[in-house]
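Fold and geometry: a report
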Number of protein chains: 2
Amino acid sequence: MRQSREEKAKTHERIVRVASQRIREQGLDQPAVAEIMRAAGLTHGGFYKHFGSRDDLIAEATESALAASDRHVHELTDDAADPLAAFVDWYLSAQHRDEPAAGCAVAALGDDVRRGDERLRSAYRRQVERYLENVERFLGGGEDARQCAILALSALVGAVVLARAVDDEALADEISHAVGEGIGELR
Amino acid sequence: MRQSREEKAKTHERIVRVASQRIREQGLDQPAVAEIMRAAGLTHGGFYKHFGSRDDLIAEATESALAASDRHVHELTDDAADPLAAFVDWYLSAQHRDEPAAGCAVAALGDDVRRGDERLRSAYRRQVERYLENVERFLGGGEDARQCAILALSALVGAVVLARAVDDEALADEISHAVGEGIGELR
DNA sequence: ATTATCTATAGATCTATAGATAATGC
DNA sequence: ATTATCTATAGATCTATAGATAATGC
């Protein structure tokens, strides 16, 4: 059953990708090693030839999930006529709200990262800073652009956290809509 | 070692109070029954005379934590000259940021409640609605007061989630300050 | 007699490791 | 010969239960 080194590297990446989705959906503590390996098409025994510990995988998967957010922002906005609108519309969309596994790790993992170690919190901060740089640029870089960017990002993250947690889709829609309107009026 | 019924009711409340602090600090999954009981000054064996299951305690503790937020808002604002400022200043304070165990459960448990059952998500929604009613009232109840209240609450929750998760106190302070300024300009 | 709490433990689950298997690459 | 993955399991931890203990309240 042994595979080549190239195959092993692909396997490693597949485990990380599966884990980065699972942690956004279930949190950092919930997905078991065996479950992640099964989802990656493997048994749990080989896990420790890829990672020193479960914590190592979780850290790598968290970093991967956060980096994916940054790539996604650039894909959405690099060629957009209105990059701020493109970013905000995605962030507040029902699809993003309903698919945390494929969405922003800053919104999906905030509470978990707070309780995590330095590596997790540092990666989280770096993605927050990248978001702020992007939103500041979208806003045109005026005098209070950074303050506006912080307000906008906080409102976006809060809106997604609230919209996902409440058990009322009409309220979730109302929150997303109101925050979208509010951010539109910031510039 | 047996105690009276009145004592038992007090014990029950003490377990719930301890649990409501632990879950805000550590999340819904982390604190073990034995750990909560130890923190309440008991052994784990008696737990199931108080609660049908661990999930029952977590649900009761979540409801208790959310209700505590509502009481706290009223204590802060009922006699305040500027209720909105009193609420926002508390919410964005370094003390609130640094003591999640005693703070707002909407910010501390958003990601966890999303993954939780109907009872948790319903209690969460009710507290979100109570927050919105209060903030709407603080804003004077104008035409777009509800939309402003949603924007303000989202920004507050997002700011606390971000400020707690990043590993840079200067950035955390900057986030809190910027969101406070931004909300001040809403009215 | 009842019952609130305690000690002890069964059963389940999870991380991590040991040793076997089989394909790679010298 | 090396090593990527597999099967099997040790050791730790957690929920939930069983039975013992001792204070309450009829």
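These numbers come from a predicted model, not from an experiment.

Quick look at the overall build of chain A now. Each helix and strand in chain A was counted, giving nine helices and zero strands. Scanning chain A from its N terminus toward the C terminus, one meets helices and strands in the order α-α-α-α-α-α-α-α-α. Seen through its C-alpha atoms, chain A measures out along the principal axes to roughly 60 × 35 × 30 Å. When each of the 187 residues of chain A is scored for burial, the buried share is 49%. Long-range contacts, defined as pairs at least 24 residues apart, comprise 63% of the intrachain contacts of chain A with a sequence gap of at least 6. If you sum the accessible surface of chain A, you get close to 8600 Å²; carbon and sulfur atoms cover 46% of it. Across chain A, the mean location of the 24 positive side-chain charges is 11 Å away from that of the 34 negative side-chain charges.

With that settled, consider the protein's contact with DNA strand D. In the neighbourhood of DNA strand D, 23 residues make up the surrounding shell, with K49 and H50 of chain A together with R2, Y48 and R54 of chain B lying closest. A share of 68% is what sugar and phosphate atoms reach among the atoms of DNA strand D within 4 Å of the protein. Within the side chain of T11 of chain A, an N or O atom sits 3.0 Å from a phosphate oxygen of DNA strand D. Taken together, the residues of the surface near DNA strand D break down into six nonpolar, eleven polar and six charged.

A word on empty space enclosed by the protein. On inspection of all chains with the given rule, the structure shows three cavities of 30 Å³ or more. A volume near 70 Å³ is recorded for the largest cavity. In terms of lining residues, the largest cavity is bounded by 14 residues, among which D29 and D112 of chain A together with D29, D112 and R115 of chain B are the most central. Of the residues in the lining of the largest cavity, the class split is two nonpolar, six polar and six charged.

Right, let's get into the relation of the copies chain B and chain A. By a simple turn and slide, chain B fits onto chain A: the slide is 0.0 Å along the axis, the RMSD is 0.0 Å, and the turn is 180 degrees. Taken together, the rotation and translation describe the operation of a two-fold axis. Mapped onto chain A, 100% of the interface residues of chain B are again interface residues, and the two copies thus contact each other with one and the same surface.

With that settled, the discussion passes to the protein's contact with DNA strand C. Around DNA strand C sit 21 residues, and of these R2, Y48 and R54 of chain A together with K49 and H50 of chain B come closest. A share of 67% of the atoms of DNA strand C within 4 Å of the protein falls on sugar and phosphate groups. With respect to DNA strand C, the side chain of H44 of chain A contributes an N or O atom lying 3.4 Å from a base nitrogen. Here the surface near DNA strand C is built from residues that sort into five nonpolar, eleven polar and five charged.

The subject of this paragraph is helix 9 (residues 169–184) of chain A. With 16 residues, helix 9 of chain A should cover 22 Å at 1.5 Å per step; its first-to-last C-alpha distance of 22 Å lies within 8% of that length. Taken residue by residue, helix 9 of chain A has L171, A172, I175, S176, A178, V179, G182 and I183 of chain A as its buried positions. All buried residues of helix 9 of chain A project into a common sector of 165 degrees when viewed along the axis, lining one side. Looking at helix 9 of chain A, the residues exposed on the side facing more than 90 degrees away from the buried face are E169, A170 and H177 of chain A. Against the buried residues of helix 9 of chain A lie helix 4 (83–91), helix 5 (94–98) and helix 8 (145–165) of chain A together with helix 7 (118–138) and helix 8 (145–165) of chain B. For helix 9 of chain A, the side-chain oxygen to backbone nitrogen distance between the N-cap and A170 of chain A is 2.9 Å, and the N-cap itself is D168 of chain A.

On to the interface of chain B and chain A. Contact with chain B, which involves 50 residues of that partner, is made by 50 residues of chain A. Taking both partners together, chain B and chain A bury about 4100 Å²; carbon and sulfur atoms supply 58% of that area. Summed over the shared surface of chain B and chain A, the result is six salt bridges. Its salt-bridge partner being E174 of chain A, residue R146 of chain B comes within 2.6 Å of it at the nearest N-O pair. For the pair chain B and chain A, the number of links is 18 residue pairs in polar contact (both at pLDDT 80 or more). Going through the elements one at a time, helix 1 (5–26), helix 6 (105–114), helix 7, helix 8 and helix 9 (169–184) of chain B are the ones with two or more residues in the side of chain B that touches chain A.

Reading the values: the criteria
- Here, residues in each chain are numbered from 1, in the same order as that chain's written sequence.
- Chain A is the first chain written and ligand 1 is the first ligand written, with later ones labelled in order.
- This being a predicted model, a pLDDT of at least 70 is required before a residue's local features are given, and a value of 80 or more before pairs of side-chain atoms are given or counted; all residues contribute to the totals for chains, interfaces and linings.
- Side-chain calculation: all heavy atoms of the structure are included, whereas hydrogens and water are not.
- Secondary structure is summarised from DSSP: a helix means a run of H or I of at least four residues, a strand means a run of E of at least two, and numbering begins at the N terminus for each.
- Exposure is judged per residue with a 1.4 Å probe applied to protein chains only, and the accessible area is read against the type maximum: over 50% gives exposed, under 20% gives buried, and values in between give partly exposed.
- The contact criterion used is simple: two residues touch if any of their non-hydrogen atoms lie within 4.5 Å.
- Here the open area of atoms and residues is found with the Shrake-Rupley method and a 1.4 Å probe, where only the protein chains shown may cover a residue.
- The sign given to each residue is positive for Lys and Arg and negative for Asp and Glu; His and the chain ends receive no count.
- To locate a charge, take NZ of a lysine, CZ of an arginine, CG of an aspartate or CD of a glutamate.
- What makes a residue near a molecule or strand is one non-hydrogen atom of that residue sitting within 4 Å of it.
- In the analysis that follows, any N or O atom pair within 3.5 Å is treated as a polar contact, provided that within protein one partner can donate a hydrogen and the other can accept it, and provided that, for residues neighboring in sequence, both atoms belong to side chains.
- Residues are sorted three ways: Asp, Glu, Lys and Arg are charged, Ala, Val, Leu, Ile, Met, Phe, Trp, Tyr, Cys and Pro are nonpolar, and all the rest, Gly among them, are polar.
- The way it works is a 1 Å grid over only the protein atoms, where trapped points that fit a 1.4 Å probe form a cavity and open points with protein on both sides within 12 Å along at least five of seven lines form a pocket, and then any residue with an atom within 4 Å of a point lines it.
- Grid points are joined across faces, edges and corners, and a volume is the space filled by probe spheres set on the points.
- Here the copies were fitted onto each other by least squares, based on C-alpha atoms from residues at pLDDT of at least 70 in both.
- Each residue after the first adds 1.5 Å to the expected span of a helix.
- The arc in question is the one traced by the directions running from the helix axis out to the C-beta atoms.
- Summed over both partners, buried area is the accessible surface (1.4 Å probe) that two parts give up on being assembled.
- A carboxyl oxygen of Asp or Glu within 4 Å of a side-chain nitrogen of Lys or Arg is what we treat as a salt bridge.

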